[in-house]
Amino acid sequence: MDDRKLHPETLLAHEGRERGRIGGTVNTPVYRASTLLFPSVESLQAQNGTLNTYGRHGNPTTRSLESALAELEGAYGAMLTPSGLSALTTALLATLKPGDHLLMTDSVYDPTRAFCDETLKRFGIETSYYDPLIGEGIAALIRPNTRVVFLESPGSLTFEVQDVPAIAAVAHAHGALVMLDNTWGTPVHFPSFKHGVDISIHAATKYIVGHSDVLMGVILTTEALFPQVRGFYKQLGLSVSADDAYLALRGLRTLSTRLERHQRNAEKIAQWLAEQPEVERILYPALPDAPGHAQWKRDFSGACGLFGVVFKALPEQAMRAMLDGMQLFGMGFSWGGFESLILLTNPSAHRSATTWKAEGPLVRLHIGLEHPDDLIADLEDGFRRLRAACR
Ligand SMILES: *Cc1c(COP(=O)(O)O)cnc(C)c1O
């Protein structure tokens, strides 16, 4: 059967598995190995120069995960990194050189911004930030030395859905590469390579691992870019443990099933939140009247459980009263696990090309796999505390 005709659910269940061995296991075992052995000089020399001579280059467990991820998103190859951030920084360093110019979305994950403003700057690479909603208007910002156009769609704090195909077309017409932080989209819901992306990056820490117990990143590339990015990755000496790769593979198998429930719960809770008098607007592209909905519907096959809630102007004290007493929503900086999270954020601190305009505070919610009615009850109690504090 041609793999390309299989649906994501089927690929998730079957890719990256060893087949055909009598008495073989369903899952690739954990290969804990630094040293790989060869029975003869000839067999060692035959492998030399390939990526199969030393534990740092990978093992059957990491390779199972890499091949499953590449197959799922339609990439040529995948590389695992110790965190999502290290995947982003590795991909940028692999493709940029002194004198190059980088166009970066203003909605980017803040640590990526810090890396551009400090490390890339120190290496003589200039970053300019652009309005995430610029679309084909990006053409006006491209310079002769623009090497990479970087996107994050939707932004993981402010949820602008970018016109990836339009931006990619312009970038390619000017000889620039297109890089995307696809963590929100996931390999299941946003087929980045079909939309013109050259390098797709995920914080696998989030939905791929899905259980809040492993930090990992993945870089996926086209065939044209793979040798360059893989070569640089190898020189940096990056590797992940087989144990972590095993956990990520275990998480991956249920990715689409979990996402379906995350989305269903998130839609229900977002709709409930939209009816609360203190809520100004909901930033969840899957909601019909949310910003970016039409573009999301055009380009994505689903959503995840992460969205923003813009409140009306109210005292910070009231917001604190609501957030401090949550019973089911944990307070923390991650997302993509099975559990719900809530976070008070301040996007204005991380903007330079655009201004974040909001009436009141922005709260980010990650909706987990709990029963949505229990989560709504927890939020209801929160609104009660908020109202009491406003009086
Ligand atoms: C969390 C996150 C990252 C970084 O991933 P880590 O594994 O925490 O380093 C990158 N991009 C986005 C959008 C994220 O949410």
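The name an unreviewed UniProt entry gives the protein is Cystathionine beta-lyase, with Metapseudomonas resinovorans NBRC 106553 as the organism. Entered under Cofactor (unreviewed entry) in the UniProt record, the comment concerning the protein runs "pyridoxal 5'-phosphate". Its UniProt record, at the heading Sequence similarities (unreviewed entry), says of the protein: "Belongs to the trans-sulfuration enzymes family."

Peer 1: Looking at this structure, how should I read the nonpolar core?
Peer 2: Soluble globular proteins tend to bury their nonpolar side chains together. Ranked by size, the top nonpolar core spans 86 residues in total, and within it W184, L252, L273, Y284, F307 and F311 carry the most contacts. Top contributing element to this core by residue count: helix α10 (residues 255–274), with 7 residues. In terms of domain composition, this core takes at least three residues from each of domain 1 (8–253) and domain 2 (255–390). Counting 28 residues, the second-largest nonpolar core is a separate cluster that includes L88, M179, I199 and F232.

Peer 1: Even after reading the chapter, I still don't get the domain arrangement of the protein, so can you show me in this structure?
Peer 2: By a widespread convention, an interface's size corresponds to the accessible area lost as its parts come together. Taken domain by domain, the protein holds domain 1 (8–253) and domain 2 (255–390). Placing the centre of domain 1 and that of domain 2 at their C-alpha centroids yields a distance of 28 Å. Taken together, the contacts link 42 residues of domain 1 with 40 residues of domain 2. Here domain 1 packs against domain 2, burying approximately 3400 Å² in sum over the two surfaces, 61% of which is carbon and sulfur. Considering only the surface of domain 1 that becomes buried against domain 2, W184, H189 and Y207 emerge as the three largest contributors, covering 25% of it. For the pair domain 1 and domain 2, the number of links is 2 salt bridges. At the boundary of domain 1 with domain 2, the tally comes to 24 residue pairs in polar contact (both at pLDDT 80 or more). Where the side of domain 1 that touches domain 2 is concerned, the elements lending two or more residues are α1 (8–14), α5 (110–122), β3 (126–130), α7 (186–189) and α9 (242–252).

Peer 1: What is the right way to look at the sheet that holds strand β11 (residues 341–345) in this model?
Peer 2: Spatial ordering of the open sheet is given by β8-β9-β12-β11-β10, a layout of 5 strands whose pairing is mixed. The two strands at the open ends of the sheet, each matched to only one other strand, are β8 (279–283) and β10 (330–331). Two strands pair when backbone bridges link them, and strand β9 (residues 306–311) and strand β12 (residues 362–366) are joined in this way by 5 bridges, in the antiparallel orientation. Bridge pairing in β12 places G308 opposite R364. Running over the sheet, helix α12 (residues 316–324) touches β9, β10, β11 and β12 and is turned about 165° from β11.

Peer 1: Just checking my understanding: could you explain α12 for this structure?
Peer 2: Since the α-helix packs 3.6 residues into each turn, any two residues three or four apart lie on the same face. Listed as buried for α12 are A318, M319, M322 and L323. Down the axis, α12 shows its buried residues gathered within 130° of arc, on one side only. Exposed residues pointing more than 90 degrees away from the buried face of α12 are listed as Q317 and D324.

Peer 1: How should the site of the ligand be read in this particular structure?
Peer 2: Taken together, 13 residues lie near the ligand, and G84, L85, D181, T205 and K206 sit nearest. One of the side-chain nitrogen or oxygen atoms of K206 is found 2.6 Å away from an oxygen atom of the ligand. W335 places a polar side-chain atom, nitrogen or oxygen, 3.0 Å from an oxygen atom of the ligand. It is helix α4 (residues 84–95) that contributes the most residues to the shell around the ligand, 3 residues altogether. Each residue belonging to the shell around the ligand can be placed in one class, and the counts come to 6 nonpolar, 4 polar and 3 charged.

Peer 1: So what exactly am I meant to see when it comes to the sheet that holds strand β1 (residues 77–81) here?
Peer 2: In sheet architecture, strand pairing relies on hydrogen bonds along the backbone and comes in two forms, parallel and antiparallel. Spatial ordering of the open sheet is given by β1-β7-β6-β5-β4-β2-β3, a layout of 7 strands whose pairing is mixed. Either end of the sheet is taken by a strand with one partner, and the two such strands are β1 and β3. With direction set aside, neighbouring strand axes in the sheet form an average angle of 20°. For β1 and strand β7 (residues 217–221), the ladder comprises 5 bridges, and the chain directions are antiparallel. When the bridges of β7 are listed, G77 appears paired with T221. Strands β1, β6 (199–203) and β7 of the sheet are contacted by helix α3 (residues 60–73), whose axis makes an angle of about 130° with β1. Sheet strands in contact with helix α6 (residues 164–173) are β3, β4 (146–152) and β5 (177–181), and its direction is about 175° off that of β4.

Peer 1: How do you make sense of the packing of aromatic side chains when you look at a structure like this?
Peer 2: The description of an aromatic ring pair uses the distance of the two centres, along with the angle that the planes make with each other. Counted by the stated rule, this structure contains 7 aromatic pairs. For the ring pair Y284 and F307, a centre distance of 5.1 Å and an interplane angle of 40° mean the geometry is tilted. Of this pair, Y284 sits in the loop between β8 and α11 (293–299) while F307 sits in strand β9, and the two are 23 residues apart along the sequence. Assessed through its relative accessible area of 0%, Y284 is described here as buried. Three or more aromatic residues joined by ring pairs form one cluster here, namely W184, F190 and F300.

Parameters and conventions
- Residues numbered from 1 in each chain as written.
- Predicted model: local features only at pLDDT ≥ 70, side-chain atom pairs only at ≥ 80, totals over all residues.
- Heavy atoms only, no water.
- UniProt positions renumbered as here; feature names shortened; annotations may be inferred.
- Core = buried A, V, L, I, M, F, W, Y, C linked by side-chain atoms within 4.5 Å.
- Buried < 20%, exposed > 50% of the residue type's maximum accessible area, 1.4 Å probe, protein only.
- Helix = DSSP H or I, 4+ residues; strand = E, 2+ residues; numbered from the N terminus.
- Domains from an automatic or database assignment.
- Contact = heavy atoms within 4.5 Å.
- Buried area = accessible area lost by both parts, 1.4 Å probe.
- Salt bridge = Lys/Arg side-chain N within 4 Å of Asp/Glu carboxyl O.
- Polar contact = N/O pair within 3.5 Å; in protein donor to acceptor, adjacent residues only side chain to side chain.
- Pairing = 2+ DSSP bridges.
- Axes fitted to C-alpha atoms, helices over the stretch in contact; angles between N-to-C directions.
- Arc of directions from axis to C-beta.
- Near = heavy atom within 4 Å.
- Nonpolar A, V, L, I, M, F, W, Y, C, P; charged D, E, K, R; others polar.
- Phe/Tyr/Trp six-rings, centres within 6.5 Å; stacked < 30°, edge-to-face > 60°.

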